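Residues per chain are reported as follows:
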Amino acid sequence: GHTDILVGVKAEMGTPKLEKPDEGYLEFPVDCSANATPEFEGRGGEELGTEIANTLYRVFSSESSVDLKSLCINPREHCWVLYVDVLLLECGGNLFDAISIAVKAALFNTRIPKVRVLEDEEGSKEIELSDDPYDCIRLNVDDVPCIVTLSKIGYRHVVDATLQEEACSLASLLISVTSKGALTSMKKVGKGSLDPESIFEMMETGKRVGKSLHIALQKILDEEESLGTSRQKVGFLG
Amino acid sequence: MPLDPRRVRGPEESQPPELWAAAGEVPVEEDGAGEEEKDAAPRDPCDLRPLFARAGLLSQAEGSAYVELGGGTKVLCAAWGPREAAEPGAAAPAGTGRLLCEFRRAPFAGRGARWRPGSASEREAEREAAAALREALEPAVRLARYPRARLAVSALLLQDGGSALAAAISAAALALADAGVEMYDLAVGCALCRSPGPAAAWMLQPGEPEERRAVARLTVALLPALNQVSAVLGGGQGSSPDAWAQALRLGLDGCHRLYPVLRQSLLRAARRRDAAAAAAATATTAVATA
């Protein structure tokens, strides 16, 4: 297809949120670049950007998706904040699926350096970053869900719709599925309404498709991981 | 509300004392939680809390509605339309009208710290709720009958006692119908949530403490006469599609049960309006003859 997404994860030190003092958190700034479609020029892409960001927040709001406790350094004082920057380079339909796949792959690839907290005599804490660049913690992305978009066209539904198919469909259902087949969130988008029976069908299809998507993605990520430093860096977009 | 620079607005970050009380492990909190548990335990999950709906109460708006749920959720909604579209043909296709939704929370609505009336996080939450409201109402309104026009709906949440978005959807649909906008059907909203625990069941119309403790939430909006779902919005801890399907069925059933209440309030509002118009007509004829 013609959808290109670039996701970068940056880890920064911050203070934990008040309601969850012993967990880190993720932030999702989304940027729709003007290269994607001419409508995104200037402020045009902001509405879509906020919609994508809100969807990502909702998908990752469930506690079981990412182990946030491992991001904590000092309860109530320091924690890792992961800024997951999503950049839309080319828009060819089925944005949410591609974005969630990219986010999962980026989180899998994330390496957060290990820190040690040293206590001074007065009680003030100092954070020490380990010198070894390979000494880092990796995130466990087994439970990170992937979004599957099912667009209703006529009486049936399609997965992974292209731009033309999306134009024909009046309503779509976004489901986020974990690798074990559990649905973590759902949202209906579009101007039309959905029949309750078709929603049940869509959920079953989404679970099936989601599971196979996770398996394929995990295989590719493991392959890339095993290649290590000998991996040829192909120019992306190629 | 314009910000008054002379008023002392307090510190930038204010935190509710309950968070620090939990850290100190005050035994009084245990008792409070225990009492809540005792009250919540015998609740039937399919039980719908009483709903009060009244249409046609604002004099300045073409259509208005007020919905109150048993737990204390109060939503006031006003609708205007159709008006001429502000930007001609810029964003919307020229053939259909546009539905603009706005969702505001009163600063005293929630239970936690007072929301600063201009803060970014509040604007984000309001925009998200407004988008969800628009998703739910668009299938119900016959926008094709209002080309190049815009219909505005504004919802104000006065008190959040759980199931706020669902109440707002019902109020907004009622307000649009009261304004005389052509619609396919009334959109009825219903919220569900699931409490933590391995075998917890889904509960209809949760109250505020239940919603706070919940691990998964779902809001559905239904067009009951057509049996079409106009909005589904949910998230939380993962469960199998069957569990979500069961929750959806429970929600749709709740929507069907709430539908007659909303229809009745609309009929009453129409009758009241007719009576008022008739009384005004007889008064003017009396003045004219006298």
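What counts and what doesn't
- Residues numbered from 1 in each chain as written.
- Chains lettered and ligands numbered in written order.
- Predicted model: local features only at pLDDT ≥ 70, side-chain atom pairs only at ≥ 80, totals over all residues.
- Heavy atoms only, no water.
- Helix = DSSP H or I, 4+ residues; strand = E, 2+ residues; numbered from the N terminus.
- Buried < 20%, exposed > 50% of the residue type's maximum accessible area, 1.4 Å probe, protein only.
- Contact = heavy atoms within 4.5 Å.
- Areas by Shrake-Rupley, 256 points an atom, 1.4 Å probe, with all protein chains shown as cover.
- Expected span 1.5 Å × (residues − 1).
- UniProt positions renumbered as here; feature names shortened; annotations may be inferred.
- Disulfide = S-S within 2.5 Å.
- Pairing = 2+ DSSP bridges.
- Axes fitted to C-alpha atoms, helices over the stretch in contact; angles between N-to-C directions.
- Buried area = accessible area lost by both parts, 1.4 Å probe.
- Salt bridge = Lys/Arg side-chain N within 4 Å of Asp/Glu carboxyl O.
- Polar contact = N/O pair within 3.5 Å; in protein donor to acceptor, adjacent residues only side chain to side chain.
- Nonpolar A, V, L, I, M, F, W, Y, C, P; charged D, E, K, R; others polar.
- Phe/Tyr/Trp six-rings, centres within 6.5 Å; stacked < 30°, edge-to-face > 60°.
- Lys NZ or Arg CZ within 6 Å of the ring centre and 35° of its normal.
- Core = buried A, V, L, I, M, F, W, Y, C linked by side-chain atoms within 4.5 Å.

The next thing to look at is the overall build of chain B. In terms of helices and strands, chain B carries six helices and nine strands. Burial statistics for chain B: of 290 residues in total, 42% are counted as buried. For chain B, the proportion of contacts with a sequence separation of at least 24, taken over those separated by at least 6, is 68%. A total of about 15,100 Å² of accessible surface is found on chain B, and carbon and sulfur atoms cover 55% of it.

All right, on to helix α4 (residues 196–227) of chain A then. Compared with the 46 Å implied by 1.5 Å per residue over 32 residues, the 46 Å span of α4 of chain A between its first and last C-alpha is a close match. For α4 of chain A, the complete set of buried residues consists of P196, S198, I199, F200, M202, M203, T205, G206, G210, H214, L217 and L221 of chain A.

For the rest of this paragraph, the subject is the UniProt feature "domain: Exoribonuclease phosphorolytic" (unreviewed entry) in chain A. Residues annotated by UniProt as "domain: Exoribonuclease phosphorolytic" (unreviewed entry) correspond here to residues 1–113 and 143–208 of chain A. End-to-end, the C-alpha atoms of residues 143–208 of chain A are 16 Å apart, and along that stretch the chain is 29% helix and 41% strand.

Let us look at the state of the cysteines. Residues and elements named next belong to chain A. The full count for this structure, using the stated rule, is zero disulfides over all chains. With no disulfide partner, C91 has as its closest neighbouring cysteine sulfur the one in C32, 8.1 Å distant. Taking relative accessible area as the criterion, C91 reaches 16% and is therefore assigned buried. Counting only cysteine sulfurs, C91 is the nearest neighbor of C146, a cysteine outside any disulfide, at a range of 19 Å.

On to the sheet that holds strand β8 (residues 216–223) of chain B. For sheets, the rule is that strands pair by backbone hydrogen bonds, running either parallel or antiparallel. Spatially, eight strands are ordered β11(A)-β10(A)-β12(A)-β13(A)-β9(B)-β8(B)-β6(B)-β7(B) in an open sheet, and the strand pairing comes out antiparallel. Strands at the two margins of the open sheet, each flanked by one partner only, are β11 (156–159) of chain A together with β7 (202–204) of chain B. In this sheet, adjacent strand axes meet at a mean angle of 25° when their direction is disregarded. Taken strand by strand, helix α1 (residues 46–59) of chain A contacts β10 (146–153), β12 (171–177) and β13 (183–190) of chain A together with β9 (228–239) of chain B, and its axis lies near 155° from that of β13 of chain A. Along the sheet, helix α6 (residues 241–289) of chain B makes contact with β13 of chain A together with β6 (188–194), β7, β8 and β9 of chain B, crossing β6 of chain B at roughly 140°.

On to the sheet that holds strand β4 (residues 98–105) of chain B, then. All names here are of chain B. Here five strands make up an open sheet; going across it, the order is β1-β2-β3-β5-β4 and the pairing mixed. In this open sheet, the two strands that pair with only one neighbour each are β1 (51–55) and β4. Taking the axes of each pair of neighbouring strands and ignoring which way they run, one obtains an average angle of 15° across the sheet. Sheet topology note: the strand β2 (residues 63–69)/strand β3 (residues 74–84) ladder contains six bridges and is antiparallel. Within β3, the position partnered with Y66 by the bridge is L76.

This next bit is on the interface of chain A and chain B. Facing the 29 residues of chain A at the interface are 31 residues of chain B. Of the roughly 2,700 Å² buried between chain A and chain B, counting both surfaces, carbon and sulfur atoms make up 58%. The largest share of the area that chain A buries against chain B comes from L18, M186 and K188 of chain A, three residues that together contribute 20% of it. Inspection of the chain A/chain B interface yields one salt bridge. Notably, a salt bridge pairs K188 of chain A with E135 of chain B, separated by 3.7 Å at the nearest N-O pair. At the junction of chain A and chain B, the tally comes to ten residue pairs in polar contact (both at pLDDT 80 or more). Among the residues forming the side of chain A that touches chain B, the class breakdown is ten nonpolar, ten polar and nine charged. Where β13 of chain A and β9 of chain B come together, four bridges link them in antiparallel fashion. When the bridges of β9 of chain B are listed, M186 of chain A appears paired with G234 of chain B.

Residue and element names in this part refer to chain B. In terms of burial, β8 is largely enclosed, as seven of its eight residues are buried. When β6 meets β8, the two strands line up antiparallel, connected through seven bridges. Paired with C193 across the strands is R217, a residue of β8. Of the pairings in the sheet, the one linking β8 to β9 comprises eight bridges and is antiparallel in character. Across the sheet, the residue bridging to A216 is G236, located in β9.

All names here are of chain A. Inspection of the entire model under this criterion finds four aromatic pairs over all chains. Where F28 meets Y57, the ring centres are 5.5 Å apart and the plane angle is 85°; that geometry is what we call edge-to-face. Remark: Y57 occurs in helix α1 and F28 occurs in the loop between β2 (25–27) and β3 (30–32); sequence separation between them is 29 residues. Ring geometry for F28 against F60: centres 5.2 Å apart, planes inclined by 40°, an arrangement best described as tilted. Of this pair, F28 sits in the loop between β2 and β3 while F60 is found in the loop between α1 and β4 (72–74), placing the two residues 32 residues apart along the sequence. This pair shows no difference in class: F28 is buried, exactly as F60 is. Directly above the aromatic system of Y25 lies the positively charged group of K17, at a separation of 4.6 Å from the ring centroid.

What follows is about the pattern of salt bridges. Residue and element names in this part refer to chain B. Counted under the stated rule, the structure contains 13 salt bridges over all chains. R83 is the salt-bridge partner of E62, the closest N and O atoms lying 3.3 Å from each other. Placement of E62 in the loop between β1 and β2 and of R83 in strand β3 is noted, with a sequence separation of 21 residues between them. Taking relative accessible area as the criterion, R83 reaches 39% and is therefore assigned partly exposed. When the shortest N-O distance is used, the salt bridge between R105 and D160 registers 3.5 Å.

With a phi close to 55°, D160 of chain A is a non-glycine residue in the positive phi region. With respect to the secondary-structure elements, D160 of chain A resides in the loop between β11 and α3 (163–168).

Before going further, it helps to examine the nonpolar core. L137, L176 and L218 of chain B are the most contacted members of the largest nonpolar core, which has 82 residues in total. Each residue touching L176 of chain B, except ones within four places of it in the same chain, is listed here: A79, L99, L137, V141, V153, V181 and M183 of chain B. Formed by 40 residues, the second largest nonpolar core is a distinct cluster that contains C32, L68, F96 and I112 of chain A.

Let us now look at the side chain of S64 of chain B. All names here are of chain B. Tracing the sequence through the fold places S64 in strand β2. Here the side chain of S64 touches L58 through a polar contact of 3.0 Å, landing on its backbone nitrogen. If near-sequence neighbours (up to four positions away) are discounted, S64 is found in contact with R54, A55, G56, L57, L58, C77, A78, A175 and D178.

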